[in-house]
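If you want the building blocks of each chain, they are given just below.
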Amino acid sequence: MIQALVLFLALCCTTSAHAGQAVSQLNGKVDFSSGSMESESGRNLSGSVTMPVARNVGLQLDGQYTRVDTVDFRGIGGHLFWRDWDLGLVGLTAAALDGDYQDTSQLGTEGEYYLGPLTLGLRGGWTHLEYDQTAPFIDTDVSKAYLLADLGWYPLDDLLFSLA
């Protein structure tokens, strides 16, 4: 579950922009979800704010709070990216998640190549997971490289369907 939360923070949200700009104006999103995980109830609140830095450069800041049963997770993340709407996106990502029993961090890069309504994405980097207490048969201090590929399709300008 922790790795999935870190990967969620590493993914860039969709932002609208005018041609030639990475991000046209300050914008954001808020998301709430709730459900059952292994018979325990869970709630998740996350949000992102994206802003222009320069003509082709944008910055996104992410935050998250998750509670599963009595366990809390708090996360932050960020993306600094260069975007050309005719070509693609290249960026740097960072994220950290602090939990009641473990902490994770991630540093990475991201790239997207635009083919009309199709977007090819590739994300990779380094992630670290550390549990606060040792446990038998579990590596409590793990660092690994990760690589993710995805394919996105925009049937409308602000509607994305993706496979990851």
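Above this text sits the structure in question.
Residues numbered from 1 in each chain as written. Predicted model: local features only at pLDDT ≥ 70, side-chain atom pairs only at ≥ 80, totals over all residues. Heavy atoms only, no water.

Asks: Looking at this structure, how should I read the sheet that holds strand β9 (residues 159–163)?
Replies: One open sheet holds the 9 strands; their spatial order is β1-β2-β3-β4-β5-β6-β7-β8-β9, and the pairing between them is antiparallel. Whereas interior strands pair on both sides, the edge strands pair on one side only; in this sheet they are β1 (27–37) and β9. Going across the sheet, the axis of each strand differs from the next one's by a mean of 20 degrees, ignoring polarity. Examined bridge by bridge, strand β8 (residues 141–156) and β9 share 4 bridges and lie antiparallel to one another. Bridging from a neighbouring strand, L151 pairs with L163 of β9. (Pairing = 2+ DSSP bridges. Helix = DSSP H or I, 4+ residues; strand = E, 2+ residues; numbered from the N terminus. Axes fitted to C-alpha atoms, helices over the stretch in contact; angles between N-to-C directions.)

Asks: Would you mind showing me how to read a negative patch on the surface here?
Replies: There is a patch of like negative charges on the surface, built from D103, E130, D132, D139 and D141. Along the chain, E130 turns up in strand β7 (residues 118–131). For E130, a relative accessible area of 38% puts it in the partly exposed group. (Patch = residues over 30% accessible without salt bridge, like charges linked within 9 Å, V, L, I, M, F, W, Y side chains within 5 Å. Areas by Shrake-Rupley, 256 points an atom, 1.4 Å probe, with all protein chains shown as cover. Salt bridge = Lys/Arg side-chain N within 4 Å of Asp/Glu carboxyl O. Lys, Arg positive; Asp, Glu negative; His and termini not counted. Charge placed at Lys NZ, Arg CZ, Asp CG, Glu CD. Buried < 20%, exposed > 50% of the residue type's maximum accessible area, 1.4 Å probe, protein only.)

Asks: What's the story with unusual backbone geometry in this structure? I'm lost.
Replies: As a rule of thumb, non-glycine residues mostly have phi less than zero, and peptide bonds are mostly trans rather than cis. One non-glycine residue with positive phi stands out, namely D69, at about 55 degrees. Counting through the fold element by element, D69 comes out in the loop between β3 (57–68) and β4 (71–84). Residue classification places D69 among the partly exposed residues on the basis of a relative accessible area of 38%.

Asks: Explanation requested: the packing of aromatic side chains in the structure shown.
Replies: Each aromatic ring pair is summarised here by two numbers: the centre-to-centre distance and the angle between the ring planes. Scanning all chains against the criterion turns up 2 aromatic pairs. Their ring planes at 25 degrees and their centres at 5.9 Å tell us that W153 and F161 sit as a pair that is stacked. Given a relative accessible area of 43%, W153 falls into the partly exposed group. Relative accessible area serves as the criterion here: at 46%, F161 is assigned to the partly exposed category. (Phe/Tyr/Trp six-rings, centres within 6.5 Å; stacked < 30°, edge-to-face > 60°.)

Asks: Explain the pattern of salt bridges here, please?
Replies: In a structure, side chains of opposite charge can pair up when their charged atoms sit close to one another. Scanning the model with the defined rule gives 6 salt bridges in all. With a shortest N-O distance of 2.6 Å, D72 and R67 are connected by a salt bridge. Between R123 and E110 there is a salt bridge, with the nearest N and O atoms lying 3.8 Å from each other. Here the residue R123 occupies a position in strand β7, and E110 occupies one in strand β6 (residues 102–115), the gap between them amounting to 13 residues. Accessibility assignment for this pair places R123 and E110 in one class, buried. In the salt-bridge network here, residues are joined through shared partners; they are E110, E112, R123 and D150.

Geometric values such as these leave the question of function open.
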